Each structure stands twice: as structure tokens, then as C-alpha cells.
2 protein chains.
Amino acid sequence: MTDAVDALVIFTPSGKRGRFALGTPVLTAARQLGVDLDSVCGGRGICSKCQITPGYGEFSKHGVTVEADALSEWNAVEDRYKRIRGLIDGRRLGCQAKVMGDIVIDVPPESQVHKQVIRKSATDRHIEMDPATRSYYVEVDEPDMHEPTGDFERLLRALKAQWNIEGVETDLSVLRRLQPVLRKGEWKATVVLNKGNHDAQHRLLDIHPGYHEAPLYGLAVDLGSTTIAGHLCDLADGKVLASSGLMNPQIRFGEDLMSRVSYAMMNPGGDIEMTKAVREALNALALSIAQEAGVEPGAIYEMVIVCNPVMHHLLMGIDPVELGQAPFALATSGALSMDAQELDLGNLNRKARVYVLPCIAGHVGADAAAVALSEEPQKSDDMVLIVDVGTNAEILLGNTTRVLACSSPTGPAFEGAQISSGQRAAPGAIERIEIDPVTKEPRFRVIGSDLWSDDAGFEAATSGTGITGICGSGIIEAVAEMRMAGLIDQSGLIGSPDQTGTPRSEPFGRTFSYVLHDATATGGPKISVTQGDIRAIQLAKAALYAGSKLLMDTMGVEKVDRVTLAGAFGAHISPKHAMVLGMIPDVPLDHVRSAGNAAGTGARIALLNRAARDQIEGLVHNIHKVETAIEPKFQEHFVNASAIPNAVEPFPELGQVVTLPDVSFNTGGSGEGEGGGRRRRRG
Amino acid sequence: MTDAVDALVIFTPSGKRGRFALGTPVLTAARQLGVDLDSVCGGRGICSKCQITPGYGEFSKHGVTVEADALSEWNAVEDRYKRIRGLIDGRRLGCQAKVMGDIVIDVPPESQVHKQVIRKSATDRHIEMDPATRSYYVEVDEPDMHEPTGDFERLLRALKAQWNIEGVETDLSVLRRLQPVLRKGEWKATVVLNKGNHDAQHRLLDIHPGYHEAPLYGLAVDLGSTTIAGHLCDLADGKVLASSGLMNPQIRFGEDLMSRVSYAMMNPGGDIEMTKAVREALNALALSIAQEAGVEPGAIYEMVIVCNPVMHHLLMGIDPVELGQAPFALATSGALSMDAQELDLGNLNRKARVYVLPCIAGHVGADAAAVALSEEPQKSDDMVLIVDVGTNAEILLGNTTRVLACSSPTGPAFEGAQISSGQRAAPGAIERIEIDPVTKEPRFRVIGSDLWSDDAGFEAATSGTGITGICGSGIIEAVAEMRMAGLIDQSGLIGSPDQTGTPRSEPFGRTFSYVLHDATATGGPKISVTQGDIRAIQLAKAALYAGSKLLMDTMGVEKVDRVTLAGAFGAHISPKHAMVLGMIPDVPLDHVRSAGNAAGTGARIALLNRAARDQIEGLVHNIHKVETAIEPKFQEHFVNASAIPNAVEPFPELGQVVTLPDVSFNTGGSGEGEGGGRRRRRG
């Protein structure tokens, strides 16, 4: 200790520094320097969010030596806190410890508001926490008969004085509970405020007596045509507590989007039925995911939803009829913020807010916007193609100069629907397949076991689940492997037993099918790939490729630098097999990566970071939309892409790693070999 | 016509003038000069709101001579409009007529947006129209597949381009109807926007295809403890189309406010029952008043409500328990804006908005604020006392220097409740009474006839209604006349037949009553004023006077300059009789005026003029609240004021016009003559 009246305070990791009068609490110093140090209780030693780690000794990097008495002594508040709640050794409470000499103070990640959420894949960008919903502890003046003001007005005054928060609005449901809560908490309360990016105003969502530590949760939802996937996140640290999915119950009204639009057009009130079904599903998802995580669904204060335009309108209760015909006008394209009650989501907190990302165009929805938010093509120096595989595929192409987008009606084949042995990705489903090009014998793996079907112990390992069908990534591998093994030709035709030399090629009506697994002898299923399955995959992958190609045409490029495969099962698609199929344009195999459920990730980013909402709301205006439905070239690309991999494109990069047998099983006459003249409806 | 390129345009009555290029439409010139000339269609010749009257000839006052060709010729649009819809001779459409020479143009009142609404009483201030809810006609761009935006976003763009309106928000119920409406109107629409004073944002309340002329209505409501009064207004011109009232159904839970607070405290869920009852009543009022006016209730887009704090909380669904005990804390004191749906007001337009004036304090509510808005004590040079008579009286005292306010629990006696022959003001009720001081014989008038009971033809004139009871103003006159006629003494005791010399003084239990009208011989009622009635009026008027006196004490004045009597039946109270009773302080009789239902008028002002909302929200902070419930002096004033007119105050001004008989009927023993030691509960 010197006779100095102030001292140097250096915060790490920010490096921010300043001189402060001796006796200044560390939290105060941090706030004055703009150091990101959390506090819910406003420095009252209650919440412990402001924990810091003082460093002692010599810090040559900072040119400072920290004495043992550089902070005030451990005080009663810290003592009590440590005794009751526990405190990691070496930690202090920033609101209690006072600066008494030059000091270096580390702010651990969990004490930062704007902490980084580490995403699972190391190549992905981090999410900075800046949630729209936060808790604040306040101490409210008691009422004074001689200075009459309402309890709510005194709460507002406290928020202004203690948190510098102004412009808070609420509704009757919260006002109704205000008086008993303030009295129960003896004029101390914890309020939950939401400030979406749009609103100038904070919204008061909830109020608890005294200091209330219960966490706040948010639900990020990717609402697809076929599946609905949700991630339950802790709004304080961004952790995903549970991820869960369920089938979109609208499937019973039509497998693809255009069937649902037709249903609404043909059946008066049909849109209302579908709206009700999807809202009920979202509400059920909220409940089940909360139960899975072991939290109260009422603690879910926010939901962020991404979806395609038809799902968007059906969710909002807007008749999607205009989306079924040119010019495919959206009722609204902007981001939407609303009360969860407006969507009948009663399982969430009664005041929960919903944010829906903006749509890009009539066929390119909030899900595409979410993919853009997650994958950031506008920040890529390379020309990157992002393909979000689903019943309706979202495709983005671009770099720092320009970003294009379209959607393509692939149909539900990639999700295992319309496939004879198709099923959703669940234990027992075949997900990986290899076919020996000489013997034409397959081996495979099923979800739930790491063993291949020709490994010892496979039978025992899969006895619990059985072998029940083929999932989306499995069918892609199956068709690609059949092509590599010479079981189908470029046109997609399955060869006869004679042509292929294997009895696994079986007659199936006027065509042939390839038997992957036959358990009929023991009462089990026979799992085959039929000619119909091949056709369904051809249609789907041709739509996907044609969309990509159309964007490349519009961009004026012959090839792309990188391909990102996204989608609920995007992470599971083998790049090599996707390229053998001709799903994606020809690039070096190591330039293809999987981004997992990028739309869901985009939803999660928007949930955890308000600024990301501003970012995507601005970005969608700069994404140029290409309408596949009216481009004559799309049809041409589609027909060419029906061949495997393609009737006209050379695929030289693919040729470097795979040589495809030059076989043709078309014996003329049946016309089956022409492949894919049919155009799928948008799905 | 000269060779000039521009011309002088002078608008009356504003006197605004400017030079404009020849060919400029009059509407354009008006807008550039800031002349108040209405237009809903934005100058497209559809709405005819911009009608003007050009003046021709010499205008020496303006130093201009207007030639016959100073405006462009009558055009096809005007022609068609006049043929189909009619146009007053000499009128032109401001958007069609173009300036071709110097011209003087009069804007008739009905073409002004900010027109003045003439209130019935000539002494009252005018209301300038500036409603929060208005219609706008817009032409929306059609969707373009190549520049994809939502229909809503294109509507916003049109509002910005055509009306310079930004920041419009809406909800799903309107978005849901947007697409069919725009297509039905061929991309032309009339939108109803609301911009309350609080909101930075406009709210889109409704949308109609094409140009839609249907008027917009608003409902101003004075929600009292005993009666609910509503005024249905046209939001374009402020006209009152219908006024209607109904009993507050909460009366069944307690006649005065404190009984209702007690009911809520003693009966779990009691507050919810009362909330439901009052909301249902408001909803029913909206329907009945719309039916009375012959308009669609769905065209009511706004409701402004004024009420006392207990009614305020019960309406909002907030348990009023805190208002029943010191420090009488309001849950919220600020003005409230909300959707009518939040209050279950389903009969209004589905998107209707509700504005509730701010409260001044726990016992001085939005009704007192409304009285201040209507009567403007803060603008008075004189010291004015404003007494709003009701079950709970609101009292304001002040001038340009300072304004004080209190409430006083008068109880429902003035509204005819707790009076043996009391009834609401309806045909058949006695409203005026005179008693001959010599013969002690009464004569009276009943509502529905202008004849006195001793006039020829009275019986025939009242045969339809009968003579059914005494209304609020009638009981005040009856008691005052009894005092003037020497039928009751200063303490309020009714004299015996012997003491008064009239057989109309009849024994009634241990006391006496005075028979006003006896129709028992023909099977009709006997209408008397009982000792209990006198006591009820004494309690009520003593509370009123004590409140006024307490404000005078706090203000430090011995007398006031003026008294304004307000309240639902304030207009009907005879100032002389009120002063004989000692309801109000002693002032020259011609300094007492009636303001009618000032609270209702304040509600109407806030409904028709947005700026008035800002004004009252600011003013309430400058009104100093005096809490009668805890002031020991109140009790003292109350006891003194139980006497008629007062036990200690001299009332010299009253003495100039009335000499009260110096009688005393107290024979000792019964103690009935002591008068008013009981304190009424707040009501």
C-alpha cells in the first residue's frame, strides 16, 4: 500500500484499464470502463453474477505488480455467500471487493453477460450472448400517501434509477400481480424484461418477490414441412439443455407444401385446421422439451421460429393461397414479434414472446434467412453454395459481393417419405451402406450400433432395435453405391439379374429392385431399393441440383468453390455419395462440409443475440431472390440432372476419386430409362 | 388572366397566404401553407373531404380582386361527384380546382380536420378535433415476383409515400385479412389507423377494400360507482350521436366503493366477479348505445374511460384491496392504453383501443382528472371550487397558481339510493319542489312535464308516467325547502304536526316524515321525506362540504370566488338549494354554475383530441392530492357540516337571499338532533 489516492485497475481478458479512487468497488470500476461484468442484483451482494478473479504478483505484460492487499479484505457479505452458496477459491464478488491498490482482475466467462457460446463444431462461428430477455433485481420505494404514485410507476422509477432502463410497458396480466408481489418481497423484486430488436420499449414479462434466481429459457424452433426441431436454451449462458423433434402434424393434410396449399384452397376452413394442428404441435413440443430438460415450461419466456413461407402463413393463421400462384405474394415478409398467446402457445410462460425471422420471398422463407444467419455466405471470400436439404430445399449462393437464394421443391424423399422401405432416422434404420463392386453384396450399419452388418456381433448388437428400414442419408448412400457398383445405369434404371450378375436384383412388377436385407425367413421385413425409390430420389436430387445450377447461371459462374450441406439430416449426408448422385455441383470432395441443421442454428443465434435479428433483417434485403417456378432454364437443368450424376455436366472432380461404371440397362421400348421428365410439385 | 406565372392564394378563416405557380391544385397550396384542409383519399377526387368555397370580386381587406377565372374550370371529376353525391352550390373540390389567378378561398368548418366542436353550453370551451383514430385511403403497389416484398410491407410503403406515415404496427387478426382485401379493392384500400399519444407507432386497426367512407365512432364513458354514462361520438366531427346510461351492476356487491373493496377482501374471487360484471355492463352499453344511434357497434374503434380508482382497478381486474387501507396505493396511476379485447369488450370493433385517463391518487381517480381536463381550474384566475357530485365526490380547488384535489365518500344518497322514495332520474320522478313557508304545502314538478303540480292539466300531463318517487336533485330541493319552510331545524330534525302546524308532518316510528304526495287513495304511492332520508342527505352533504373545506384549509383561503357543480346530475342541482343545505361553501349565488357531467365531458375531450391526453397526463402531476381519510380536521368539518347549512360557518352570502327560520325541534332525550356523528364509508 502506498499513500496514493487512486490505483490502476486492469481487467482481463478485455485489457481495459483505468485509475480509480481507493475504495471503488470492482463492479463500479468495471461499469465505468465498459467491462462486460454481469450483475442481476445491481451490486447488492445477492446474485453473485459479478464474480471476479484477482491476480497477484508481477504482471510484466501490464507493467504492474499486484500486492496482496490490493483488494479490500474479504467481507461479511462474501463470507455469508461462500458459506451458503459456495464460491470457487480465488474468486471474489466484484460488488464487494474494493480497489485498494494496483490490481489485475480477470472476468471469468461465466461472469460475462456477452459471453461466447461454444458451438459443437469447432469450425463454426461463436454466438455472443445478448439475449432479449433478462432478469433485473430492483428495490422499489414504498408508497407514500403524500406523494401518491402507483406501484407500477415506482417500479419504473426504480428501473430507471438502478438500471437506467426507461420506457417499460406491460399489460394487465402482470399489473394484476404487481401489488401482492411487491409486498411479499418487501419492496424488493426481480423483474423479467424483454427488449426485442424492433421495440423501442422494454416489456415487463414477469415479476417475482425479492431476489429470484430461477433461470430463463428460450426455445429455438426450425419448423419444417415434415419435421419440427426444437432446441431449449438457457438464456443466461446459451447452453442447449435439450433438443427434440416431432413430425409436423400437417403431413396428414399433404406431404409437400403445395398439397397443403391445395388443401386450403379446396376445403373451406382447411387453413384453419392446419393452423390449429401446427400450433398444437409447437405447444406440445414446448412441454415435452421442457420435461426432457427437467425445467418448468412456464420458464420459457421466448421462442424464435424459422420456417418456409407456407408454414409461416399457416402458423400465423394466414391463408397461404397466394403462395400457390404467381406472383407468390407473401402477406408479410418482415420479421414478426408477438405474444406467444397470439399463437395459442399456452404451455410457455403466459407472457412469452415469439420472434419469427423475416422471409426473403414467396418461396424463400425465414428458414433460408436463418441459414444465411448461421452460414454467413455474405462474409465468404470463396463462392459458397449452401444447400439446406429438406422437403423444400433452400439454396444460397454467394460471397462478399453478392448473395442469391432460391428454393426448390425436392419433396419428402430425402426425409425417407415416398421410399418403399423409408423411415425416419431412428434406431434400427439403415444409415450407411457399402456395396462391393465385384460381388454386388451390400453391407450396412443401422442407427444405434457402430458395427457393420458383416462384423461379428452385429446381430446381437441390433437385436434390440431390429433392422427396420432406410433413413434419408441411407437411401442417398444406397442409390449412390448402386450406381458405383454398376447396379443402376446413368439413367437410374436398375439392371436385371442377368445384366448385373446378382440375384439381389429381383423382378418387381415390370422393373427390378435391389434387396439390401431379407429377414422374411424369420418373419422380419425385406428391405429393398425399388425402381420407384430410385425415381423418387432422382426427382428430388434433380430439383436440388437444378436450383443450384440456376443460381450459378444467375451469378454467372461455372463452378463454386465450396459446398455446405445443411438440413436436419445434412450432417449425416456423405459428401462423396451426394456428389455421385449429382445432388450438388462438382467440387473437390474436401470442399464439401456439413453444417448440420443450419436453419435451427440460425434460430438459436437469433434467440441468444438481439443484434443478430437486426443483422438478418438487414441482410434479407440484400439477398437476391431467384424464382425457380418461372425460370425456363430450371426445367432444362432439372431434366439433365435426372441422370446420375448428370446427363451433360462432366463432374471432373468426382472423376478424380470415383470411376463410375459405363453401363446401360435400357433395352428400349419401356421408356423407363428416360428419367425424370415429370416435374415435382413444390414441397 | 394576366401573363403572370404565379398567383396569390389567401385562405380564410386562417388568413394564411402564399404565391403558387398557376395550375397548382388548391389542396396542394393548402398543404404547403399548413392550412387545415381535410382529405382522406389524398387528393384523388374520391372522398370530397377537401371541399372549399372560392370567393370572387373585390376583397379590400386582403387587397385583392378575384377574377371569375381565378380557378380552373369545373372538371369531369367534380362533375361526376356533384351528379352522384351532390355538392353545395359554390363549392369546389380542393384537389381538382387549380389556381389560375389571385384567389380567396374559404375552408368551411366541415372541411377542416381540426374543426371546433361546439359544446351545448355556450360558456364551455370548445373541443378541437384531433382524434387518435382516422381513415386513410392508399393505393398499394402490386406484388412483383422479381422484387419480392410482402403485401403488408407494400402497404407500409404506400402509407409512407402517400401520407408520410411511418412506424405502423399491426397484429395477426388484420394481417390475416390483408391479402383478400387488397385484391378485392384492386390494390386500393382504406385503412383505419390509431395513434394514441403514448405510442410512437401507428396501429393498423382495420382495412377495407377501395375507398370506404363508413364513419368511425368512439365511446366516451364515465364509469361511476352507481351509474355508467356513455357518449357515442363521430370521430370525424365530434358530434354526439347518442348518450346513454345504465346502472353499475356492481351495486349488487355493495352500494359504495368501500363495500366493494370489503366484498373483494371477504370473498375470494369476489374481485373477479365484480370485474366480470362491470366489463359486461360496458360491453352491453356499447351495443345499446350503437343501436340507439343506429350504427354498427363494430364501427366503434375507440373507447375512453374515466372512473374512480376502485372502479379503475376492478375494471382492470386488479384486486382493489390496497385501496381500502392506508397508504391507499394504486397498482398503477398512469394513463393506460390497451386493446378493448383485454377488457373483454367484444361488441366494439375487434381491434378497438381503450384509453383510460391517469389517476391523481389512491382516492382521486381518472374521473377527477377528467373533471380537471374539462373545467381547467389551472387556467382560472379566480379561486374556483369544482365539486363533482356522485356516490364518491371528486373535489378540486385552485387557480393558475395551484390546484388541490380530494375525494369524499358522500354515499349514494344524492343519486336517490338510501332514500325511502328515492329513484333514478326518469319520467315520473319529482325533480323540483317548492314548499310554501306559510301553508307548508308543497308543489312539485316531475320529469317528463313542465307543469307544476298545482297547475291546471298537471294530472293529465303526468297520467302516462305517474308520480313515482324523488330523484337526486329533487331530494336536495325537498330537504332545502323543508329547512326554508321551517319543517326541519338546523340539526335536521323534522318537527311534529304540532311544532310545524301541518298534518303533512306525520309520525313515522319514533320520528316524523313529511308527505309530499299521497296517492294511496287511488292505489298509488305515498311519497314522503323521512327523518332517515334527511339523515342520509346530511351525511352526504357534510362529507361534500368537509372535503371542500379541507381543500380551502390546505390552500389557506377562507372563501372561494366561484363554485362549479358537476356530476351526472350536477346540471340539475339548484345552486340556491345546494347552498341552503350547506353542500357548498358560501359564495354569491350567481357565482355558482353547473357544468353538467364534467367527468363525461373530460372523457369526450380525451376521445376527440389526442393532445388533451398529453395535457392531462402532465397536469395530474401538478395537482396536489389531499387525503381526507387521514386528516383529523376532516372529521371536525364533517360534524359541523352536518347541521343545515352549518353549525359554525356563517354563510353571509346565502343570508342575503334567504332567511332561514330559527326553529328547534329537539325536545331532548332522543339524541336524534345531534346529527351526523357517524362517518360514512367511502362510496
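A quick note: this is a predicted structure, and the numbers were derived from the prediction, not measured.

Draft legend 1. Local environment of the overall build of chain A. Within chain A, the secondary structure is distributed over 17 helices and 31 strands. Overall, chain A is about 100 × 65 × 55 Å in size when its C-alpha atoms are taken along their principal axes. Within chain A, buried positions represent 53% of all 683 residues.

Draft legend 2. Up close: the domain arrangement of chain A. By the assigned domains, chain A splits into domain 1 (6–111), domain 2 (132–209), domain 3 (217–369) and domain 4 (421–529). Computed from C-alpha coordinates alone, the two centres of domain 3 of chain A and domain 4 of chain A are separated by 35 Å.

Draft legend 3. Up close: the relation of the copies chain A and chain B. Superposing chain A onto chain B takes a rotation of 180° combined with a translation of 0.1 Å along the rotation axis, leaving an RMSD of 0.2 Å. The superposition of one copy onto the other is thereby described by a two-fold rotation axis.

Draft legend 4. Structural context of the UniProt feature "domain: RACo-like middle region" (unreviewed entry) in chain A. With numbering aligned to this structure, UniProt lists the feature "domain: RACo-like middle region" (unreviewed entry) at residues 217–375 of chain A. Taken end to end, residues 217–375 of chain A comprises 33% helix and 25% strand; its first and last C-alpha atoms sit 24 Å apart.

Draft legend 5. Local environment of the nonpolar core. Core analysis: the largest hydrophobic core is formed by 355 residues, its most contacted members being A:Met303, A:Ala369, A:Val387, A:Ala405, B:Met303, B:Ala369 and B:Val387. Not counting residues up to four positions away in its chain, the partners in contact with B:Met303 are B:Gly218, B:Leu219, B:Val221, B:Ala340, B:Leu345, B:Leu348, B:Ala352 and B:Val354.

Draft legend 6. Broad picture of the pairing of strand β24 (residues 442–446) of chain A. Most of β24(A) is tucked away: four of the five residues are buried. Taken together, strand β23 (residues 429–435) of chain A and the strand that follows it, β24(A), pair antiparallel across an intervening segment of six residues, in which A:Lys440 is found at a positive phi of about 65°.

Draft legend 7. Highlighting the packing of helix α5 (residues 257–266) of chain A against helix α6 (residues 270–293) of chain A. Residue and element names in this part refer to chain A. Two numbers describe how α5 lies on α6: the axes approach to 7 Å, and their chain directions differ by 130°. By the angle between their directions, the pair α5 and α6 is classed as oblique. Listed contacts from α6 to Arg-260, Tyr-263, Ala-264 and Met-266 of α5 are Gly-270, Asp-271 and Met-274. Here the residues of the contact of α5 with α6 are counted per class, giving four nonpolar, one polar and two charged.

Draft legend 8. Quick peek at the interface of chain A and chain B. Each side of the interface is counted separately: chain A has 36 residues, and chain B has 36 residues. Where the side of chain A that touches chain B is concerned, the elements lending two or more residues are α3 (151–163) and α4 (172–184) of chain A. The leading source of residues in the side of chain A that touches chain B is α4(A), at five residues.

Draft legend 9. Molecular detail of helix α10 (residues 472–484) of chain B. The end-to-end C-alpha distance of α10(B), which contains 13 residues, comes to 19 Å, matching closely the 18 Å that a straight helix rising 1.5 Å per residue would cover. The buried fraction of α10(B) amounts to 13 of the 13 residues, a majority that puts the element mostly inside the structure.

Draft legend 10. Layout of the pairing of strand β3 (residues 51–55) of chain B. Residues and elements named next belong to chain B. Pairing of β3 with strand β6 (residues 92–93), which is carried by two bridges, proceeds in the antiparallel orientation. Within the sheet, the bridge partner assigned to Ile-52 lies in β6 and is Arg-92. As paired strands, β3 and strand β7 (residues 103–106) are joined by three bridges and run antiparallel to one another. If you follow Gly-55 over to β7, its bridge partner there is Val-104.

Draft legend 11. Main features of the sheet that holds strand β24 (residues 442–446) of chain B. Residues and elements named next belong to chain B. Spatially, three strands are ordered β24-β23-β25 in an open sheet, and the strand pairing comes out mixed. This sheet does not close on itself; its edge strands, each paired only once, are β24 and β25 (469–470). As defined by bridge partners, strand β23 (residues 429–435) adjoins β25 across two bridges and the pair is classed as parallel. Note on β25: the bridge partner recorded for Ile-430 is Ile-470. With respect to the sheet, α10 is in contact with β23 and β25, its orientation differing from that of β23 by roughly 15°.

Draft legend 12. Summary view of the sheet that holds strand β14 (residues 217–223) of chain A. Residues and elements named next belong to chain A. Strand order in the open sheet formed by six strands is β16-β15-β14-β17-β19-β18, and the pairing between neighbours is mixed. The sheet is open, and its two edges are formed by β16 (240–247) and β18 (336–339), each paired on a single side. Direction aside, the axes of adjacent strands within the sheet are offset by 20° on average. Sheet analysis places β14 next to strand β15 (residues 227–234), joined by seven bridges and oriented antiparallel. Residue pairing for β15: Leu-223 is matched across the bridge by Ile-228.

Draft legend 13. Broad picture of the environment of B:Met129. Inspection of the secondary structure assignment puts B:Met129 in the loop between β9 (127–128) and β10 (133–139). For the pair formed by B:Met129 and B:Ser574, sequence separation is 445 residues and the distance between their alpha carbons is 33 Å.

Draft legend 14. Representation of the environment of A:Gln291. Topologically, A:Gln291 is positioned in helix α6. As for A:Gln291 and A:Ser513, which are separated by 222 residues in sequence, their C-alpha atoms are 44 Å apart.

Draft legend 15. Region of interest: the confidence of the model for chain A. Residues and elements named next belong to chain A. Within chain A, residue pLDDT values average 90, and 95% of them lie at 70 or more. By mean pLDDT, the top-scoring element of chain A is strand β17 (residues 300–307) (97), and the lowest-scoring one is strand β8 (residues 116–117) (63). A low-confidence stretch, residues 118–124 stays under pLDDT 50, and its non-local contacts, those more than four residues away or across chains, total four contacts. Below pLDDT 50 for its whole length, residues 670–683 participates in 45 contacts with residues either more than four positions away or in separate chains. Here the complex is predicted with pTM 0.83, and the ipTM for its interfaces comes to 0.82.

Draft legend 16. The packing of helix α12 (residues 531–555) of chain B against helix α16 (residues 632–641) of chain B, seen in detail. Residue and element names in this part refer to chain B. Where α12 meets α16, the axes come as close as 8 Å, and the angle between the chain directions of the two elements is 130°. By the criterion of interaxial angle, the relationship of α12 to α16 is oblique. Like other packed secondary-structure pairs, α12 and α16 cross with a definite hand, here right-handed. In this structure, α12 contributes Lys-541, Ala-542, Ala-543, Tyr-545, Ala-546, Lys-549, Leu-550 and Asp-553 to the contact, and α16 contributes Lys-633, Phe-634, His-637, Phe-638 and Ala-641. The class makeup of the residues in the contact of α12 with α16 is eight nonpolar, one polar and four charged.

Draft legend 17. Just helix α12 (residues 531–555) of chain A, in detail. Residue and element names in this part refer to chain A. In a regular helix each residue adds 1.5 Å, so 25 residues correspond to 36 Å; α12 covers 36 Å between its end C-alpha atoms and thus fits that length. The buried fraction of α12 is high, at 21 of 25 residues. Looking one or two places after α12, you find Gly-556, whose phi comes out positive at around 80°.

Draft legend 18. Quick peek at unusual backbone geometry. Going from A:Thr12 to A:Pro13, the amide bond is cis rather than trans, its omega being 5°. Counting through the fold element by element, A:Pro13 comes out in the loop between β1 (6–12) and β2 (17–21). Cis geometry is adopted by the peptide bond preceding B:Pro327, which originates at B:Ala326 and carries an omega value of 5°. Despite not being glycine, B:Asn164 shows a phi value in the positive range, around 55°. Following the sequence through the fold, B:Asn164 ends up in the loop between α3 (151–163) and β11 (168–169). Despite not being glycine, B:Asp344 shows a phi value in the positive range, around 60°. Following the sequence through the fold, B:Asp344 ends up in the loop between β18 (336–339) and β19 (353–356).

Criteria and cut-off values
Residues numbered from 1 in each chain as written. Chains lettered and ligands numbered in written order. Predicted model: local features only at pLDDT ≥ 70, side-chain atom pairs only at ≥ 80, totals over all residues. Helix = DSSP H or I, 4+ residues; strand = E, 2+ residues; numbered from the N terminus. Buried ≥ 20, exposed ≤ 12 C-beta atoms within 10 Å, placed from the backbone. Domains from an automatic or database assignment. Least-squares fit on C-alpha atoms with pLDDT ≥ 70 in both. UniProt positions renumbered as here; feature names shortened; annotations may be inferred. Core = buried A, V, L, I, M, F, W, Y, C linked by C-beta atoms within 7 Å. Contact = placed C-beta atoms within 7 Å. Pairing = 2+ DSSP bridges. Axes fitted to C-alpha atoms, helices over the stretch in contact; angles between N-to-C directions. Parallel < 35°, antiparallel > 145°, perpendicular 65-115°, else oblique. Nonpolar A, V, L, I, M, F, W, Y, C, P; charged D, E, K, R; others polar. Expected span 1.5 Å × (residues − 1). pLDDT = per-residue confidence, 0-100. Left-handed = near helix turned anticlockwise from the far one by under 90°.

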